[in-house]
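For reference, the chains in residue letters:
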Amino acid sequence: QVQLVESGGGLVQAGGSLRLSCAASGRTFSSYTMGWFRQAPGKEREFVAAITWSAFRTYYADSVKGRFFISRDNAKNTVYLRMNSLKPEDTAVYYCAASSRGGSSLLWEYDYWGQGTQVTVSS
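Residue numbers here run from 1 along each chain, matching the order of that chain's written sequence. A pLDDT threshold of at least 70 governs which residues receive local features in this predicted model, and a stricter bar of 80 or more applies before side-chain atom pairs are shown or counted, although totals over entire chains, interfaces and linings include all residues. The basis for the side-chain values is all heavy atoms of the structure; hydrogens and waters are excluded.

### Quick look at the state of the cysteines
- Criterion for a disulfide: a pair of cysteine sulfur atoms at a distance within 2.5 Å. In the structure shown here, the tally under the stated rule is one disulfide.
- Disulfide pairing is shown between C22 and C96; the S-S distance is 2.1 Å. Its torsion about the S-S bond being -80°, the disulfide of C22 and C96 is classed as left-handed. In this pair, C22 sits in strand β3 (residues 18-24) while C96 sits in strand β9 (residues 92-99), placing the two residues 74 residues apart along the sequence. A single burial state applies to C22 and to C96, both of which are buried. Helix and strand labels come from DSSP, where a helix needs a run of H or I of at least four residues and a strand needs a run of E of at least two; each type is numbered from the N terminus. Type-normalised accessible area, obtained with a 1.4 Å probe on protein chains alone, sets the label of each residue: buried when under 20%, exposed when over 50%, and partly exposed for intermediate values.

### Some remarks on the packing of aromatic side chains
- Paired rings are identified among Phe, Tyr and Trp, the last through its six-membered ring, by centres lying within 6.5 Å, and are further divided according to the angle between planes into stacked (under 30 degrees), edge-to-face (over 60) and tilted (the rest). Tallying each qualifying case throughout the model produces five aromatic pairs.
- Ring geometry for Y32 and Y112: centres 6.2 Å apart, planes at 50°, overall tilted. Remark: Y112 occurs in strand β10 (residues 112-113) and Y32 occurs in the loop between β3 and β4 (33-39); sequence separation between them is 80 residues.
- We classify Y32 as buried; its relative accessible area is 12%.
- A residue is classified by how much of its surface remains accessible, and Y112, at 28% relative accessible area, is partly exposed.
- As a reminder, the over-ring test applies to NZ of lysine and CZ of arginine, requiring each to be within 6 Å of the ring centre and within 35 degrees of the ring normal. Between R19 and the ring centre of Y80, over which it is positioned, the NZ or CZ distance is 4.0 Å.
- The aromatic ring of Y95 is capped on one face by R45, whose charged end is 3.7 Å from the ring centroid.

As structure tokens, then:
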């Protein structure tokens, strides 16, 4: 079965950067769309970014476009989220997710989820 483990979260000042990593198990990783979602206190879980199995397509929420960048290394079974110019409103638990159905930005398209990693941006 697929297991996803996020790392790289932490505390950063506004304007700073963080790079999140998600390590996935399984030999069919390259066939999955990988996504990042986040959930802030008192808010619903929302889409952040996604990348298809071939890396031909990437998708970003409008709120992070131009600041966050998703990438993947299929040989390492790892997906990354580089987060630049961080704002206090980016504070949330960030979740890595995998879709076997070629999902993009919809929560229900994803089959597997990591445990989440906390990102806190101070002002």
